[in-house]
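The lines below spell out each chain.
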Amino acid sequence: MNPIVEFCISNIANGSHETFETLEKDPNLDVLEYGCLSYCTKCAESLYAIVNGEIVEADTPEELTNRIYQFIEDNPLF
């Protein structure tokens, strides 16, 4: 089972597109895109994704990518 990374389409449009594209190419991740994840305040304030049910935030796409990979490493599924 691969880690699941979920993105809000609005957050992708607001700047996390680079992270989305990078992670989508990783065959060891399941990357999903939704119309809304109901975290509108987070969406307006920062870039974020939900990784295995937990919010991971950052100020830049590069930082978000790094934080997602670090979160996955620190919180293995098994």
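Further up the page is the structure itself.
All values reported here derive from a predicted model rather than from experimental measurement. (Residues numbered from 1 in each chain as written. Predicted model: local features only at pLDDT ≥ 70, side-chain atom pairs only at ≥ 80, totals over all residues. Heavy atoms only, no water.)

**What about the sheet that holds strand β4 (residues 54–58)?**
Point 1. A sheet is described by the order of its strands in space; here four strands give the open sequence β2-β1-β3-β4, paired in mixed fashion. This sheet does not close on itself; its edge strands, each paired only once, are β2 (30–34) and β4. For this sheet, the mean angle separating the axes of adjacent strands, direction not counted, is 30 degrees.
Point 2. Taken together, the five bridges between strand β3 (residues 47–51) and β4 define a ladder with antiparallel strand orientation. Counterpart to Val-51 in the pairing with β4 is Glu-54.
Point 3. Helix α1 (residues 9–24) rests against β1 (4–8), β2 and β3 of the sheet, and its axis sits at about 150 degrees to β1.
Point 4. Each of β1, β3 and β4 touches helix α3 (residues 61–74); the most contacted strand, β4, lies at about 145 degrees to it. (Pairing = 2+ DSSP bridges. Helix = DSSP H or I, 4+ residues; strand = E, 2+ residues; numbered from the N terminus. Axes fitted to C-alpha atoms, helices over the stretch in contact; angles between N-to-C directions. Contact = heavy atoms within 4.5 Å.)

**Digging into the packing of α1 against α3**
Point 1. At a closest axis distance of 8 Å, the pairing of α1 and α3 adopts a crossing angle of 45 degrees. On the basis of their axis angle, the class for α1 and α3 is oblique. Classified by chirality, the crossing of α3 by α1 is right-handed. For the pair formed by α1 and α3, the contact residues are Gly-15, Ser-16, Glu-18, Thr-19, Thr-22 and Leu-23 on the first element and Pro-61, Leu-64, Thr-65, Ile-68 and Tyr-69 on the second. (Parallel < 35°, antiparallel > 145°, perpendicular 65-115°, else oblique. Left-handed = near helix turned anticlockwise from the far one by under 90°.)

**Things to note about the packing of aromatic side chains**
Point 1. All chains considered together, the criterion is met by two aromatic pairs.
Point 2. Centre to centre, the rings of Phe-7 and Phe-20 are 5.3 Å apart; their planes meet at 90 degrees, and the pair counts as edge-to-face. With Phe-7 in strand β1 and Phe-20 in helix α1, this residue pair connects regions lying 13 residues apart in the sequence. Like Phe-20, Phe-7 is buried.
Point 3. Summarising the aromatic geometry, the rings of Tyr-39 and Tyr-48 are spaced 6.1 Å apart at their centres and angled 65 degrees between planes, so their arrangement reads as edge-to-face.
Point 4. Taking the relative accessible area as the measure of exposure, Tyr-48 reaches 1% and is therefore buried. (Phe/Tyr/Trp six-rings, centres within 6.5 Å; stacked < 30°, edge-to-face > 60°. Buried < 20%, exposed > 50% of the residue type's maximum accessible area, 1.4 Å probe, protein only.)

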